Amino acid sequence: MIKSGVLGEKTSKEPGKSLLLVSFIFPALAIAIAVIFGGLLGTLNISTAALVTCVMLFVLLLALRQYGLAVTLIIAAHIYIDWYLGLEIVAPAIAIGLFFLLFIIRSPEYPWVAPRALWLWGLLLVLAIAPAIRGALGRYDLAYYYPNIFFGALLMFWLGMLIAKDRKHLKILIQVLALLGTMLAIHTIVQDVTGTVFFGSARVNNALAEISNFELSNSNAFRVGSFFQNPDWNGTFFAMMIF
């Protein structure tokens, strides 16, 4: 009786918020499903369908305050959008937005924490600027490596601290990351068996065809890379996911 009363009081205090959340969820899901089918049926560019679906799902996860799933979706978007499609820094930009959102909504339920010895991270970022500029072979290297490898390392580490604030949330984050790894592993197997890449890009397919799809010398065996394109990076990702 007491529990029901407390829940009723809490619900009555925020009826507008609950109604707004429900009214958003179903249109968002409907749009995402329509976009997916549009991509599969050919009425939409399949890469565009994937991008729009990711955006809708990300906004939906933020509305539901599922920040662990949101971070996992950022990682998935980084693999597909930045790496596979070659757009380079889309996922880091989204991660920065989530970072500031968590700062704005900080509360006892979502406390704000910072990495220890943050000045060491700052020193690393400063020291890495000059080598990153000198070693860049072009616009791609300059736009990709520093934001993703150096700044992105601090950003994702900090987001992990904010999301995995206790053992329960850490367990959930590890589980959804394991699910992401499993899905990519299944995709790699499907690509090896059928030669099909879900939400594939014609540009990437042509580039892989020019190098014979990483065919092993004097054999008919091909090394598949899934959304990483290069099988070396694909294998590195799975080796990391094991741990």
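Because the structure is predicted, anything quoted here is derived from the model rather than measured. (Residues numbered from 1 in each chain as written. Predicted model: local features only at pLDDT ≥ 70, side-chain atom pairs only at ≥ 80, totals over all residues. Heavy atoms only, no water.)

Visitor: How would you summarise the overall build of the protein chain if you had to cite specific residues and measurements?
Guide: A tally of regular secondary structure across the protein chain gives 10 helices and 0 strands. The order of α-helices and β-strands along the protein chain, N terminus first, is α-α-α-α-α-α-α-α-α-α. Taken over 243 residues, the protein chain has a buried fraction of 30%. Partitioning the intrachain contacts of the protein chain with sequence separation of at least 6 by distance along the chain shows that 66% fall at a separation of at least 24. Here the protein chain has roughly 15,300 Å² of accessible surface; of this, 71% comes from carbon and sulfur atoms. (Helix = DSSP H or I, 4+ residues; strand = E, 2+ residues; numbered from the N terminus. Buried < 20%, exposed > 50% of the residue type's maximum accessible area, 1.4 Å probe, protein only. Contact = heavy atoms within 4.5 Å. Areas by Shrake-Rupley, 256 points an atom, 1.4 Å probe, with all protein chains shown as cover.)

Visitor: Can you tell me about a nonpolar patch on the surface, naming the residues and giving the values?
Guide: Judged by side-chain polarity, Trp119, Leu120, Leu123 and Leu127 come together as a nonpolar surface patch covering roughly 460 Å² of accessible area. Structurally, Leu120 is set in helix 6 (residues 118-135). (Patch = residues over 30% accessible without salt bridge, like charges linked within 9 Å, V, L, I, M, F, W, Y side chains within 5 Å. Salt bridge = Lys/Arg side-chain N within 4 Å of Asp/Glu carboxyl O.)

Visitor: I'd like to hear about unusual backbone geometry, residue by residue, with values.
Guide: Positioned with a positive phi, Ala117 is a non-glycine residue whose angle comes to about 50°. Positionally, Ala117 belongs in the loop between helix 5 (90-104) and helix 6. Looking at Ala117, the relative accessible area reads 37%, which means it is partly exposed.

Visitor: Can you lay out the packing of aromatic side chains for me, pointing to particular residues and giving the numbers?
Guide: One pass over the structure, following the stated rule, counts 15 aromatic pairs. Ring plane angle 65° and centroid distance 5.6 Å describe the contact between Phe237 and Phe238, whose orientation is recorded as edge-to-face. Here Phe237 matches Phe238 in class, with each residue buried. Chaining the aromatic ring pairs together yields one cluster made of Trp83, Phe228, Trp233, Phe237 and Phe238. Against the face of Phe103 rests Arg106, its NZ or CZ located 4.1 Å from the ring centre. The ring of Tyr110 has Lys165 lying over it, and the distance from NZ or CZ to the ring centre is 4.3 Å. (Phe/Tyr/Trp six-rings, centres within 6.5 Å; stacked < 30°, edge-to-face > 60°. Lys NZ or Arg CZ within 6 Å of the ring centre and 35° of its normal.)

Visitor: Run through helix 5, naming residues and quoting values.
Guide: For helix 5, built from 15 residues, the straight-helix expectation of 21 Å at 1.5 Å per residue is met to within 8% by its first-to-last C-alpha distance of 22 Å. All of the buried residues along helix 5 are Ala91, Pro92, Ala95, Leu98, Phe99 and Leu102. End-on, the buried residues of helix 5 take up no more than an arc of 115°, which puts them together on one face. (Expected span 1.5 Å × (residues − 1). Arc of directions from axis to C-beta.)

Visitor: Describe the side chain of Thr188, with residues and values.
Guide: As for its placement among the helices and strands, Thr188 is situated in helix 8 (residues 167-194). With relative accessibility at 11%, the residue Thr188 sits in the buried group. Here the side chain of Thr188 touches Leu184 through a polar contact of 2.9 Å, landing on its backbone oxygen. Excluding its chain neighbours within four sequence positions, the residues that come into contact with Thr188 are Val224, Ser226, Asn234 and Phe238. (Polar contact = N/O pair within 3.5 Å; in protein donor to acceptor, adjacent residues only side chain to side chain.)

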